[in-house]
Amino acid sequence: MMGLTFWFRRFSENNAVAGLARLDAIQLQQMLRTGQISSLELVDALLEQYAAWEPRVGAFLNFRADQARDQARELDRRRSAGADLGLLAGLPVSVKDILCTVDYPTTCGSRMLRDYHSPFDATVVARIRDAGGIVFGKTNLDEFAMGSSTENSALAVTRNPWNTEHVPGGSSGGGAASVSAGICPLAIGTDTGGSIRQPAAFCGISGLKPTYGRVSRYGLVAFASSLDQAGPMARSVPELALLLEAIAGHDPRDATSAPNEVPSYSHTIAEPLRGLRIGIVPDHFDAGLDAEVDAAVREALGAFRARGATVREIELPASRQAIATYYVIAPCEASSNLARYDGVHFGHRSTERDRTDESPLARLYCRSRAEGLGAEVKRRIMLGTYALSSGYYEAYYLQAMRVRRLIRDELLAAFQSVDVIVGPTTPAPAYRLGEKANDPLSMYLEDLYTVSANLAGIPALSVPCGLSRSGLPIGLQIQAAPFAEELLLRAGAMYQQVTDWHQRRPAA
Amino acid sequence: MALEREDVRRIAELARLELSSDELATLTSELIQIVDYVQQLRSIKTEGVVPLAHALDLANVFRDDCLAPGLPREAALSNAPKHDGAYFLVPAVLGE
Amino acid sequence: MNSERSDPGPYAIVIGLEVHVQLKTASKLFCGCSTQFGAEPNTQTCPVCLGLPGSLPVMNRRAFELALRTAVALQCQIPEYTKWDRKNYFYPDLPKGYQISQFDLPMSHSGWLEIADPKGEFPVRSIRIRRAHLEEDAGKSLHDEASGKADSRIDLNRTGTPLLEIVSEPDLRSPREARAYLNELKLLLEYLEVSDCNMQEGSLRVDANINLHLADAAGGMVATPIVEVKNMNSFRAVERALAYEAERQFAAWRETGRTIAEVPKSTRGWDDQRQATFAQRQKEESSDYRYFPDPDLVPVTVSVSAVDAVRAALGELPAATRQRLESAYRLNAYDADVIVNQGRQFIAYFEQVAQRCGDGKLASNWVTQEVLRILNSAGGTIDRFPISADGLGELIEGVRGGQVPSSRSKELFGAMFSEGLSLAAALRKLGIQALDAGALEQLCRQLLTENPRIVADVKSGKAQAAGALVGLAKKKNANVNPAEVREICARLIAEMP
């Protein structure tokens, strides 16, 4: 961050490119392509935005202005040399700090990995770079993506740009805040149980969790491997389409990545959508739902109807078990995925050397993990260890896997009769910092609308659909069948053509 | 099958987590609460349902048996809390 | 400890073996790192086998194919669906905190391997294979025991190397049978070209479970506690360790009377120096490995036709080869066994020798005695043996047909071996020329012409004078057969006027 102040001063004096931060990625790309602006000018305009917002929201864990400027200069040089820079040419993308990068530490928001440097780029990051995108800092998150408020980050606090007393959501809270605050047009988040969609809803932006396997997990530090999926965050749906197109596709280094062809999402999104069949789930509108969210979602359904969509109710009884299922499967996988953080080959190692009666190695394991991991991570490791342990595996893990199949089959069956399922992304708008920090179960229950998509592996989108009276954004979730991202994005874009919630911004 | 403090201590040992007695107490009550919630799964009829490990129905994903460049030793050891330039070092594993 | 004992004592020994073999792949099971033995520490690693955050495993196709080939050759059932599970435990040579292995749905199960003792010390037995599954190896921890509390060093070069774990049922009834099983298994693995089976380099490792069944006072059966024996670095060590352990368990039972019901399974190491097993420290925690399907990998399905194709491509396996050699070449079981145990190349060599010379029994004698003697003493393999199969076949054929003097065949063999000569060149070198009847008669006529006095002496009744002719003939040609010279000369003299 050295030298940043100098650039801010320079640009507050010369405001020729002021307002760039208000443009979306599609518009910026056009301007970059036609030479109206350079990548460096764009980066510098965003650095100004960074200087204005970052002290208030704390979206980033690591940010290197010099590096972003170097990358922008290099892209400008290549552009002027006539090179085809790719889909994201010159566009800055913030990256959740759970995706490996060679030029930034990859901390996962954990003391355990505070100083960890990955020797490789995640496939998603490599694809962003290959498409001419600029890695624009590493954003804050709940430690190892475990949480839905970003309060579980061991390294920094992130606040909601709409009201800094409120949480940005999580776990991709830093990424959502970075886009919401206009620091960058695009962000990469990850979603294991709603971690893209929920912060997108809380911060008034759009976010997509792709179909499981659509985007490579190589270099995405695992929380729950069968549920984790990286995806795009941006203000509008067409921007999501652009970023998804850049990062999606088969990766031979990820055995769970899908071999399906990647459609040109950024092109097909413009195709009109007629006769959209919408399903709504009555359960989603029960007593637990905030009245303002309820109203906003019903209004959104009205907007869809006005564009020729039909709405019908569908029952998803097995999905009532989604939270319980999720909070068995995810911790089980996490307890194993996080076993590697033991202070031996990388990460934090305790220096404490007392209690010589114990085996020094056992001591090293237990102390290093106790010191390096936070309360929520420990809670989930404990839960998962318990559910997998001898005598309980059958009752918890195996039963959860069976119910998971019921949930998936029920959703796949539903998509025989509807194209999308629409509902709220969260039961209520963003809560206050600290409000739920001491009640893990109630925090878990907040995920009730989002976790089914991860269990079933289907794509799901959140788009802004209103503001509460207190001025906090409300999110609309749209889910579709596996690999129906094109349809999903077109449905979201159709909604955004007739509404302007996605264009609202937090007050500076 | 109510969870008890001793169970939590045993799980912590399996998970290699040192817990203070405060942490143990808090975790015990939290885990009891969460486990109590997820118990509802047990009431679901799942006879004959095949457990679903992957949402995506993929099978037979292989790579060819080809050598690929790995990491130079310096890079392999670079994140290690302790090494001697050739090996990772840990307190004696004898007796483990 | 006498491992040669054949008296099993007042108890029955029950042994099951767990064998880990490293599969012969260029790269590791889940990444592109080399599996080469002996590299500098931590020079064959990458993010995947180091377990670095964000890395993911992708399975090596060849490793699976080699495992499948072995499982089929072990007569295993091959389920259509198999998957990989995580075995969770903490150890410094296991960087992910879990080993990727197979738990409840292994790629193969319920096979068998037939073992026989050609010396007839035990009957032919079919040893059941419980399962064979594909898993990854761990790294190596090195401890400097002398320095006590000093750090242990961890080398992760071996981490992720493909292993096939082959678990037998507890069907083995003596240390000798255990060794025969291992010999037969190793032979099979080498036949299949799936592993180097080098115990010194750790590409074949054996753990043994052993206990005793004895009659109790009431005439019922009791079993001693099961012991897993580790650290055995040769098949010979396995046999000795098991023999030792059987006697130790018997002594312990007589002393304490403790049975399998009272004592949990324990682990003992084999000390090759002391020729004894010793108790190894138990892991504090119970072994709760919390297996669950590895979500980073996808299942593998194997169709019945794929298994059939693997079976069809196996070629002849050792047991079948032994039978064929016995019937096609009229070998006894012992000789067939000796030949087959030398491996595929040696069998091919024998068969070519036998076909060239036309006598399987003779070929077997030469190959198992002369050739094997040299290979065993000088080392080396049959593919580098200086005498080609055709060369040896020709030699034997010559002896059979009388063209090569049998008395000098070993000498010829020696020359062919040490100087790499063909049979013809060796004959020349040793000055051995086979003479045909015409040439020999010619030589004899010449002798008689040159030695009229001897002819006269013979004609005058001094029959013993003919003996001098033999000596003279040998001077002219070392290869003459004295009896023939005597006979021809006598005939020629008699025909003289």
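Residues numbered from 1 in each chain as written. Chains lettered and ligands numbered in written order. Predicted model: local features only at pLDDT ≥ 70, side-chain atom pairs only at ≥ 80, totals over all residues.

### Considering the interface of chain B and chain C
Taken together, the contacts link 31 residues of chain B with 39 residues of chain C. Elements supplying a minimum of two residues to the side of chain B that touches chain C: helix H1 (5-14), strand E1 (62-63), helix H3 (73-77) and strand E2 (88-90) of chain B. For the side of chain B that touches chain C, the per-class residue count stands at 21 nonpolar, 4 polar and 6 charged. Bridge count between E2 of chain B and strand E9 (residues 152-155) of chain C: 3 bridges; the pairing is antiparallel. Paired with Phe88 of chain B across the two strands is Ile154 of chain C, which belongs to E9 of chain C. (Contact = placed C-beta atoms within 7 Å. Helix = DSSP H or I, 4+ residues; strand = E, 2+ residues; numbered from the N terminus. Nonpolar A, V, L, I, M, F, W, Y, C, P; charged D, E, K, R; others polar. Pairing = 2+ DSSP bridges.)

### Concerning the sheet that holds strand E4 (residues 85-88) of chain C
Residues and elements named next belong to chain C. Taken in spatial order, the 3 strands of this open sheet run E5-E4-E16, and their pairing is antiparallel. The open sheet has two edge strands with one neighbour each: strand E5 (98-101) and strand E16 (292-293). Taken together, the 2 bridges between E4 and E16 define a ladder with antiparallel strand orientation. Looking at E16, one finds that Arg86 is bridged to Phe292.

### So, the interface of chain A and chain B
Interface size is commonly expressed as the accessible area that is lost once the parts come together. With 56 residues of chain A at the contact, the number on the chain B side is 44 residues. Mapped onto the side of chain A that touches chain B, the elements with two or more residues apiece are helix H11 (322-337), helix H12 (360-372), helix H13 (375-388), helix H14 (394-414) and helix H15 (440-445) of chain A. At 12 residues, the largest contribution of residues to the side of chain A that touches chain B is made by H14 of chain A. Looking at the side of chain A that touches chain B residue by residue, the classes come out as 32 nonpolar, 14 polar and 10 charged.

### What to know about the pairing of E4 of chain C
All names here are of chain C. Side chains Asp85 and Lys87 of E4 all project onto a buried face; the interleaved residues Arg86 and Asn88 project onto the opposite face, where all are buried too. Direction of pairing for E4 relative to E5: antiparallel, over a ladder of 4 bridges. Residue pairing for E5: Asp85 is matched across the bridge by Ser101. (Buried ≥ 20, exposed ≤ 12 C-beta atoms within 10 Å, placed from the backbone.)

### Some points on the packing of helix H7 (residues 333-340) of chain C against helix H9 (residues 360-378) of chain C
Residues and elements named next belong to chain C. At a minimum axis distance of 10 Å, the contact between H7 and H9 shows a crossing angle of 55°. Here H9 runs oblique to H7, going by the angle between their axes. Between H7 and H9 the crossing geometry is left-handed. For the pair H7 and H9, the contacting residues are Asp335, Val338 and Ile339 in the first and Ser364, Val367 and Thr368 in the second. Within the contact of H7 with H9, the residues separate by chemical class into 3 nonpolar, 2 polar and 1 charged. (Axes fitted to C-alpha atoms, helices over the stretch in contact; angles between N-to-C directions. Parallel < 35°, antiparallel > 145°, perpendicular 65-115°, else oblique. Left-handed = near helix turned anticlockwise from the far one by under 90°.)

### What to know about the sheet that holds strand E8 (residues 140-142) of chain C
An order of E2(B)-E9(C)-E8(C) is seen for the 3 strands of this open sheet, with the pairing classed as antiparallel. Each end of this open sheet is capped by a strand with a single partner; those strands are E2 of chain B together with E8 of chain C. Going from strand to strand, the sheet's axes swing by 30° on average, the running direction of each strand aside.

### Details of the confidence of the model for chain B
Residue and element names in this part refer to chain B. Of all residues in chain B, 96% attain a pLDDT of 70 or more, and the chain-wide mean is 92. Summarising per-element confidence for chain B, the mean pLDDT is lowest in H1 (94) and highest in E1 (98). If you check the scores for this complex, the pTM reads 0.91 and the ipTM reads 0.97. (pLDDT = per-residue confidence, 0-100.)

### Some words on the pairing of strand E14 (residues 266-271) of chain C
Residue and element names in this part refer to chain C. Looking at chain direction, strand E13 (residues 227-232) and E14 are connected through 4 bridges and run parallel. Residue Glu228 lies in a different strand from E14, and its bridge partner there is Thr267. Pairing geometry for E14 and strand E15 (residues 276-279), over 4 bridges, is antiparallel. The residue of E15 that forms the bridge with Trp270 is Thr277. Joining the antiparallel neighbours E14 and E15 is a turn of 4 residues, in which Gln275 adopts a positive phi near 55°.

### Re the environment of Asp85 of chain C
Residues and elements named next belong to chain C. Within the secondary structure, Asp85 sits in strand E4. Residue classification places Asp85 among the buried positions, given that 24 C-beta atoms sit within 10 Å. Distance from Asp85 to Pro106, taken between C-alpha atoms, is 9.6 Å for residues 21 residues apart in sequence. Residues contacting Asp85, with those up to four places away along its chain left out, are Ser101, Gln102, Phe103, Tyr291, Phe292, Pro293 and Asp294.

### Notes on helix H8 (residues 344-357) of chain C
All names here are of chain C. For H8, spanning 14 residues, the distance from its first C-alpha to its last is 20 Å, which sits close to the expected 20 Å at 1.5 Å a residue. Buried within H8 we find Phe346, Ile347, Tyr349, Phe350, Glu351, Val353, Ala354 and Cys357. A positive backbone phi angle near 80° is found at Gly358, which sits one or two residues after H8. (Expected span 1.5 Å × (residues − 1).)

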